[in-house]
Amino acid sequence: MTYSGVVKVGGPADVHELTDLMISKVTVGPMDNNCYLLRCRATGEQLLIDAANDPQTLLQLIGDDSIASVVTTHRHGDHWQALGEVVAATGARTYAGALDAEGIPVPTDVRVDDLDTIRVGRVELTARHLVGHTPGSIALVFDDPHGHPHVFTGDCLFPGGVGNTRKDPEAFANLLHDVETKLFAPLPDETWVYPGHGKDTTLGAERPHLSEWRERGW
């Protein structure tokens, strides 16, 4: 089956099969939060991005192999409602952006800074610190040696724009700057974007609209 990234609450996961990594996407909770289970194909080690809600759905997705780690992309409550239960059930190591960790009620084992590396088996993910949606949001970049990059953007980049900055011009300018310099500038158009809500996109689909986003201010 071809991966589409289109999922619905209560529906099956959509699985993106790469050479080194399997990415399973589900959406959970009243705000349709996307959660991503990453599995290293060489070792079987697993990592979960955002234990957002519905712990039973997430634990069923994780399966008997459990997870070694869970990354919370940012401090907003809709992204960690199931974190405590998932960690209790799996013993997973927790990661979050250094400046957002205090806003997450489950203790963060590893506070992540810009360009830090998070491993899942033999696969490396590079964290990019993006300011504006929250002070310590992080995106995770997998630079696939067998293809194009893949980036998990939390609530910082979606199809059609950057994340919500609550009509704060400074926060919007900061977020657009960070998304442009840390994602659009170094990564190619083919880069696949996995956001915290809704459908996936690519940097190439969004790049032509950066000036429009800047002009409209959101």
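Each remark here, short or long, concerns the structure printed above.
Residues numbered from 1 in each chain as written. Predicted model: local features only at pLDDT ≥ 70, side-chain atom pairs only at ≥ 80, totals over all residues. Heavy atoms only, no water.

Asker: A description of the sheet that holds strand S9 (residues 123-130) should follow, citing residues and the corresponding values.
Answerer: Spatially, the six strands line up as an open sheet ordered S8-S9-S10-S11-S14-S15, and their pairing is mixed. Single-partner strands in this sheet number two, and they are strand S8 (117-120) and strand S15 (201-202). Relative to S15, strand S14 (residues 192-195) runs antiparallel, the two sharing two bridges. What sits directly across from Trp192, in S15, is Thr202. (Pairing = 2+ DSSP bridges. Helix = DSSP H or I, 4+ residues; strand = E, 2+ residues; numbered from the N terminus.)

Asker: Run through the side chain of His197, naming residues and quoting values.
Answerer: With respect to the element layout, His197 can be found in the loop between S14 and S15. Among the polar contacts made by the side chain of His197, one reaches the side chain of His79 at a distance of 3.4 Å. (Polar contact = N/O pair within 3.5 Å; in protein donor to acceptor, adjacent residues only side chain to side chain.)

Asker: I'd like a rundown of the environment of His150, residues and numbers included.
Answerer: With respect to the helices, strands and loops of the structure, His150 is situated in strand S11 (residues 150-154). For His150, a relative accessible area of 1% puts it in the buried group. As a C-alpha pair, His150 and Glu190 span 40 residues in sequence and 8.7 Å in three-dimensional space. Aside from chain neighbours lying at most four places away, what touches His150 is His16, Leu18, Leu140, Val141, Phe142, Asp144, Thr191, Trp192 and Tyr194. Separated by 2.8 Å, the side chains of His150 and Tyr194 make a polar contact. (Buried < 20%, exposed > 50% of the residue type's maximum accessible area, 1.4 Å probe, protein only. Contact = heavy atoms within 4.5 Å.)

Asker: Which residues make up the packing of aromatic side chains, and what are the values?
Answerer: Under the definition given, this model contains seven aromatic pairs. Here Tyr3 and Tyr194 contribute two aromatic rings whose centre-to-centre distance is 6.3 Å and whose plane-to-plane angle is 50°, an arrangement assigned as tilted. In this pair, Tyr3 sits in the segment before strand S1 (14-17) while Tyr194 sits in strand S14, placing the two residues 191 residues apart along the sequence. For the pair Tyr3 and Tyr194, a shared accessibility class is recorded, and that class is buried. Consider the rings of Tyr36 and Phe152, whose centres lie 5.3 Å apart with planes at 65°: the pair is edge-to-face. Here Tyr36, found in strand S3 (residues 33-40), pairs with Phe152, found in strand S11; they are 116 residues apart in sequence, far enough to count as distant. The exposure class assigned to Tyr36 is buried, which follows from its relative accessible area of 2%. What links up through ring pairs into an aromatic cluster is the set Tyr3, Tyr36, Phe152, Trp192 and Tyr194. (Phe/Tyr/Trp six-rings, centres within 6.5 Å; stacked < 30°, edge-to-face > 60°.)

Asker: How would you sum up helix H1 (residues 55-62)? Please name residues and give values.
Answerer: Within H1, burial applies to Pro55, Leu58 and Ile62. Seen end-on, H1 carries its buried residues on one side only, within an arc spanning 65°. Turned more than 90 degrees away from the buried face of H1 sit Gln56 and Gln60, all of them exposed. In this fold, the buried residues of H1 make contact with strand S2 (21-28), S3, strand S4 (46-49) and helix H2 (83-90). In the stretch just after H1, Gly63 is the one whose phi turns positive, near 75°. (Arc of directions from axis to C-beta.)

Asker: Can you tell me about the pairing of S9, naming the residues and giving the values?
Answerer: Within S9, six of the eight residues are buried, which leaves it mostly tucked inside the rest of the structure. Here four bridges tie S8 to S9, and the two strands are oriented antiparallel to one another. Its bridge partner being in S9, Ile118 is matched across the sheet by Leu125. Where S8 folds back on S9, the antiparallel hairpin that results is connected by two residues, among which Gly121 adopts a positive phi of roughly 60°.

Asker: Now, about the nonpolar core: what can you tell me, with residues and values included?
Answerer: Judged by nonpolar contacts, the single largest core of 22 residues is most densely connected at Leu21, Ile23, Leu38, Leu47, Leu140 and Phe152. Only S2, S3, S4, S8, S9 and strand S10 (137-142) provide two or more residues apiece to this core. If you look at the next biggest cluster of nonpolar residues, it comprises 20 residues, including Cys35, Val86, Ala96 and Val106. (Core = buried A, V, L, I, M, F, W, Y, C linked by side-chain atoms within 4.5 Å.)

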